[in-house]
Amino acid sequence: MTAIWYENLLSFKVNNLKELCGRLPEKGDIFFIETAKSFTAFTFIVYVLKHTGRMEHLYIATYSTNERILNALLRWKDKGLINTIHLHISETLKFRMPAIFERLTALRDNRVIELSFAWSHKKVACMKTESGYYVVEGSGNYGENTLEEQYVFLANKQIYEFRSGRKGR
């Protein structure tokens, strides 16, 4: 096991990500974030795209999502802003949101996205960009959230590979 050291541990209580020091975490940074107003975990994807311009790969593990989030991801994929997308979603989606489940499986079957299901409540986004590997973990879903959520945001290839299962890719 390799130990990872963080030189800069920063904490933020924010209403939106614009208040987040205006930059991405760098190597050695780890941001601990609490929200004071509702925004979803999806907001971090927007934030990273704004700062990097493009993602080579996006991995999202989540309990829930919605049509609006899915449509935005597909628009960015169509525009070339995201190359590949892997959604790892709770298998309970089949019963809780059958229309979303059917749409996701059709997208998988048509090779538009990678899709996996598990008995899971994980909430992680892993983003591979030209400028680095970013990971967001926290309580927020990819749909609607409560006012107070917590997130950890960092730039680290090893954690990206661990959370996304994409070692060496």
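Every value quoted in this text rests on a predicted model; they were computed, and no experiment measured them. (Residues numbered from 1 in each chain as written. Predicted model: local features only at pLDDT ≥ 70, side-chain atom pairs only at ≥ 80, totals over all residues. Heavy atoms only, no water.)

**Things to note about the pattern of salt bridges**
The following threshold applies: Every case where a carboxyl oxygen of Asp or Glu lies within 4 Å of a side-chain nitrogen of Lys or Arg is listed as a salt bridge. Only protein chains enter the area calculation, which uses a 1.4 Å probe; residues under 20% of their type maximum are buried, those over 50% are exposed, and those in between are partly exposed.
Tallied over the entire structure, the rule returns seven salt bridges. With a shortest N-O distance of 3.2 Å, Arg-54 and Glu-56 are connected by a salt bridge. Exposure remark for Glu-56: the relative accessible area of 31% places this residue in the partly exposed category.

**Quick look at the packing of aromatic side chains**
As a reminder, the rule being used: Any Phe, Tyr or Trp ring, taking Trp's six-membered ring, that has another such ring centre within 6.5 Å forms a pair; planes under 30 degrees apart are called stacked, those over 60 apart edge-to-face, and the others tilted. Secondary structure follows DSSP: runs of H or I at least 4 residues long count as helices, runs of E at least 2 residues long count as strands, and numbering of each begins at the N terminus. A ring has a charge above it when a Lys NZ or an Arg CZ is no more than 6 Å from the ring centre and no more than 35 degrees off the ring normal.
Counting across every chain of the model gives eight aromatic pairs. Between the aromatic rings of Phe-31 and Phe-153, the centroid separation amounts to 6.0 Å while the plane-to-plane angle is 75°, which identifies the pairing as edge-to-face. You can see Phe-31 sitting in strand β2 (residues 29-35) and its partner Phe-153 sitting in strand β8 (residues 150-155), a full 122 residues away along the chain. By the burial criterion, Phe-31 is buried, and Phe-153 matches it. Taken together, the aromatic side chains of Phe-12, Phe-31, Phe-44, Tyr-47, Tyr-151 and Phe-153 make up a single cluster linked through ring pairs. Its guanidinium or amino end placed over the ring of Tyr-63, Arg-96 lies 3.9 Å from that ring's centre, counting from NZ or CZ.

**Topic: the environment of Val-14**
Put simply, the rule reads: Any pair of residues with heavy atoms lying within 4.5 Å of one another is described as a contacting pair.
With respect to the helices and strands, Val-14 occurs in strand β1 (residues 8-14). Using a relative accessible area of 2% as the deciding quantity, one classes Val-14 as buried. What Val-14 contacts, discounting residues up to four positions off in sequence, is Glu-19, Leu-20, Ile-33, Glu-34, Thr-35, Ala-36, Lys-37 and Phe-39.

**Describing the environment of Thr-92**
Worth spelling out the cut-off: By the criterion applied in these results, polar contacts are pairs of N or O atoms within 3.5 Å in which, for protein atoms, one can donate a hydrogen and the other can accept it, and in which residues neighboring in sequence qualify only through two side-chain atoms.
Tracing the backbone through its elements, the reader meets Thr-92 in the loop between β4 (82-90) and α3 (93-96). Reaching out from Thr-92, the side chain makes a polar contact with the side chain of Ser-90 at a distance of 2.7 Å. Here the side chain of Thr-92 touches Arg-96 through a polar contact of 2.8 Å, side chain to side chain.

**Some remarks on the confidence of the model for the protein chain**
Defined as follows: What pLDDT reports is the predictor's confidence in each residue, on a scale of 0 through 100.
Averaged over every residue, the pLDDT of the protein chain is 89; residues scoring 70 or more account for 93%. When mean pLDDT is compared element by element in the protein chain, strand β6 (residues 124-129) scores highest at 97, while β1 scores lowest at 82.

**So, helix α5 (residues 157-164)**
Buried residues of α5: Ile-159, Tyr-160, Glu-161 and Ser-164, and no others. Next to the buried residues of α5 lie β3 (55-62), β6, β7 (132-138) and β8.

**Concerning the nonpolar core**
As a rule of thumb, nonpolar side chains are buried together in soluble globular proteins. This is how it is decided: We call a set of buried residues a nonpolar core when its members are Ala, Val, Leu, Ile, Met, Phe, Trp, Tyr or Cys and they connect through side-chain atoms within 4.5 Å of each other.
Membership of the largest hydrophobic core comes to 42 residues, with the highest contact counts inside it found for Ile-33, Ile-45, Leu-73, Leu-87, Leu-104, Met-127 and Phe-153. In this structure, Tyr-59, Cys-126, Leu-154 and Ile-159 belong to the second largest nonpolar core, which totals 10 residues.

**Details of the sheet that holds β3**
Note on sheets: strands pair through backbone hydrogen bonds, and any given pair is parallel or antiparallel. Defined as follows: Strand pairing requires that DSSP identify at least two bridges connecting the strands. Helix axes are fitted only over the stretch in contact, all axes being lines through C-alpha atoms; the angle between N-to-C directions runs from 0 to 180 degrees.
Across the sheet, which stays open at both edges, the eight strands sit in the order β1-β2-β8-β7-β6-β3-β4-β5 with mixed pairing between neighbours. Looking at which strands have only one partner, the edges of the open sheet turn out to be β1 and β5 (114-118). On average, each strand axis in the sheet is tilted by 15° relative to the strand beside it, whichever way the strands run. In this fold helix α2 (residues 67-78) packs onto β3 and β4, with an angle of close to 155° to the strand it touches most, β4.

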